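Structural features, examined
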Amino acid sequence: MSVKMCRIIEVIEELAPISLSEEWDNVGLLVGRQDADISRALIALDVLDSVIDEALACGATAIISHHPLIFSPLNRINDANPLGKRLMRLIENGICVYAAHTNLDTAEGGINDMLFDTLGFTNKEHVCETRPGVFVGRAGTPSESITLSELAKLVQNKLGLSTATYCGLGDAKVSKIGLIAGSSANPDFFKGAIAAGCDTFITSDIKFAMAQAASDMGLNLIDATHYGSEALFAGKLVGYLAARLPNVEFIASEVDGQIFKTVCSNNEVYHA
């Protein structure tokens, strides 16, 4: 049993319409035919060489990713660079690639809602408007009284991280939390969270200057890592698609795409 790739695309875009994507983004069907017959599809954060290996090993003829494989315009596809090699492998093996990126970030039920629900927050609000009516962030309250360091520990545990970095006073009580998965540590989002009454903001890829800026604004930060804050989408999206397309087997990638490692005091090395 199988369905056409265009039908899978329709179902994804019911959740995450293309209209929600930012203009700089590159979402949609990036590789392959819309009329391809798909019986097995792999869901992964990134289209890595190891993810392509995984797709070939399990017989998947489609990869649905969060991060687009192609961001910038290409003027050639050959084996002289890693991206060209990946594209050639995908095309030669008849594997379609579809990316749902910023549209899935902002969508109702998308990645930021998935992160919010995974962390167990309540009283959900939409924050950090990127354009009229489109909100990338979510905000809410913890389920119980919690300090900043305790919240960092909760993020670490819920997302399966070996560590969790925070900026602010560890014993400060947290009352309202904003979040945006992925790399969203910038003053505009900080201001959006503060305007919604947040005292703490969870995101990733926090640079030193951005941490200083947040501190000056009176905003605590927690870095959930780029991979850790978004990787949960694969399992969640499998459930969404499987319920709507029973003739396709959807598989969450088992590839660990976390490229950062942490060395602890006992010299053991952990993934971040």
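In case you missed it, the structure is sitting above this.
Attention here is on the structure that accompanies the text. Counting restarts for each chain: residues are numbered from 1 in the order of the written sequence. In view of the model being predicted, local features appear only for residues whose pLDDT reaches at least 70, and side-chain atom pairs are presented and counted only at 80 or more, with totals across whole chains, interfaces and linings using the full set of residues. Based on all heavy atoms of the structure, the side-chain values leave hydrogens and waters out of the count.

Every buried residue of helix 1 (residues 5-15) is accounted for by Met5, Ile8, Ile9, Val11, Ile12 and Leu15. One face of helix 1 carries all of its buried residues, which in axial projection span an arc of 165°. Relative accessibility thresholds used throughout: buried, under 20% of the residue-type maximum; exposed, over 50%; partly exposed, between the two (1.4 Å probe, protein chains only). For helices the rule is a DSSP run of H or I covering at least 4 residues; for strands it is a run of E covering at least 2, with both sets numbered from the N terminus onward. Along the arc lie the directions from the helix axis toward the C-beta atoms.

Counting buried positions along strand 4 (residues 40-44) yields 4 of 5 residues, so the element is predominantly enclosed. We call two strands paired when DSSP finds no fewer than two bridges between them. Across 4 bridges, the pairing between strand 4 and strand 15 (residues 249-252) is parallel. Residue pairing across strands places arginine 40 opposite glutamate 249, the latter belonging to strand 15. Sheet analysis places strand 4 next to strand 5 (residues 62-65), joined by 4 bridges and oriented parallel. If you follow alanine 44 over to strand 5, its bridge partner there is serine 65. Assignment of crossover handedness uses the view with strands pointing away from the viewer, where a clockwise path from the first strand over the helix to the second indicates a right-handed crossover. Of the crossover connections in this fold, the one passing from strand 4 over helix 2 (residues 49-58) to the parallel strand 5 is right-handed.

Summarising burial for strand 13 (residues 200-204): 5 of the 5 residues are buried, a large majority. Every second residue of strand 13 is oriented toward a common face, with Thr200, Ile202 and Ser204 on one face and Phe201 and Thr203 on the other, all of them buried. When strand 12 (residues 177-183) meets strand 13, the two strands line up parallel, connected through 4 bridges. Its bridge partner being in strand 13, glycine 178 is matched across the sheet by phenylalanine 201. In terms of handedness, the path from strand 12 via helix 7 (residues 187-195) over to strand 13 forms a crossover that is right-handed. The parallel pair strand 13 and strand 14 (residues 220-223) is bridged by helix 8 (residues 208-217), and the resulting crossover is right-handed.

We now examine the packing of helix 7 against helix 8. To define axes, lines are fitted to C-alpha atoms, for helices over the stretch in contact only, and angles between the resulting N-to-C directions are given on a 0 to 180 degree scale. Contact geometry for helix 7 and helix 8: axes closest at 10 Å, N-to-C directions at 25°. The pairing of helix 7 with helix 8 is recorded here as roughly parallel in orientation. The handedness of the crossing between helix 7 and helix 8 comes out as right-handed. Counting all contacts with helix 7, which are made through Pro187, Phe190, Lys191 and Ile194, the residues of helix 8 involved are Met210, Ala214 and Met217. For this classification, Asp, Glu, Lys and Arg are treated as charged, while Ala, Val, Leu, Ile, Met, Phe, Trp, Tyr, Cys and Pro are nonpolar and the rest, including Gly, are polar. For the contact of helix 7 with helix 8, the class distribution of residues is 6 nonpolar, no polar and 1 charged. Orientation labels follow simple angle bins: below 35 degrees gives roughly parallel, above 145 gives roughly antiparallel, 65 to 115 gives roughly perpendicular, and whatever is left gives oblique. Here is the rule for handedness: rotate from the far helix to the near one, and if that takes an anticlockwise turn smaller than a right angle the crossing is left-handed, while a clockwise turn gives right-handed. Contacts between residues were defined by any pair of non-hydrogen atoms, one from each residue, lying within 4.5 Å.

Right, let's get into a nonpolar patch on the surface. Patch criteria: residues need more than 30% relative accessible area and no salt bridge. Like-charged residues are merged within 9 Å; nonpolar side chains of Val, Leu, Ile, Met, Phe, Trp and Tyr are merged within 5 Å. Only the protein chains shown count as cover for residues, with accessible areas throughout obtained via the Shrake-Rupley method and a probe of 1.4 Å. Only one rule defines a salt bridge in this text: a Lys or Arg side-chain nitrogen within 4 Å of an Asp or Glu carboxyl oxygen. Together, Leu74, Ile77 and Ile91 give the surface a local cluster of nonpolar side chains, amounting to about 270 Å² of exposed area. Looking at where leucine 74 falls in the secondary structure, it is placed in the loop between strand 5 and helix 3 (82-92). When its relative accessible area of 39% is taken as the criterion, leucine 74 is described as partly exposed.

Another point: the pattern of salt bridges. Counting across every chain of the model gives 11 salt bridges. Two residues, lysine 176 and glutamate 125, come together in a salt bridge whose shortest N-O distance is 2.8 Å. Of the two residues, lysine 176 sits in the loop between strand 11 (173-174) and strand 12 while glutamate 125 sits in strand 7 (residues 122-131), which places them 51 residues apart along the sequence. Note on lysine 176: relative accessible area 13%, which makes it buried.

Our focus in this paragraph is the sheet that holds strand 8 (residues 134-141). As summarised here, the arrangement of the 6 strands in space is 7-8-12-13-14-10, forming an open sheet in which the pairing is mixed. Each edge of the open sheet is held by one strand with a lone partner, namely strand 7 and strand 10 (165-167). With direction set aside, neighbouring strand axes in the sheet form an average angle of 25°. Judged from the 4 bridges that link them, strand 13 and strand 14 form a sheet pairing that is parallel. Pairing of isoleucine 202 across the sheet is with isoleucine 222, part of strand 14. Helix 6 (residues 148-159) rests against strand 10, strand 12, strand 13 and strand 14 of the sheet, and its axis sits at about 20° to strand 14.

For the pair helix 1 and helix 10 (residues 233-244), the least separation of the axes is 11 Å and the interaxial angle reads 125°. Overall, the two elements helix 1 and helix 10 adopt an arrangement that is oblique. The way helix 1 lies across helix 10 gives a crossing that is right-handed. For the pair formed by helix 1 and helix 10, the contact residues are Val11, Ile12, Glu14 and Leu15 on the first element and Leu237, Tyr240, Leu241 and Arg244 on the second. When the residues that make up the contact of helix 1 with helix 10 are grouped by side-chain class, the tally is 6 nonpolar, no polar and 2 charged.

An order of 2-6-5-4-15 is seen for the 5 strands of this open sheet, with the pairing classed as mixed. The open sheet is flanked by strand 2 (28-31) and strand 15, the only strands paired with a single partner. The average undirected angle you get between the axes of adjacent strands in this sheet is 25°. In the packing of helix 1 onto the sheet, the strands contacted are strand 2, strand 5, strand 6 (96-99) and strand 15, and the crossing angle to strand 6 comes to about 15°. Running over the sheet, helix 10 touches strand 4, strand 5 and strand 15 and is turned about 170° from strand 15.

Geometry only, nothing functional implied.
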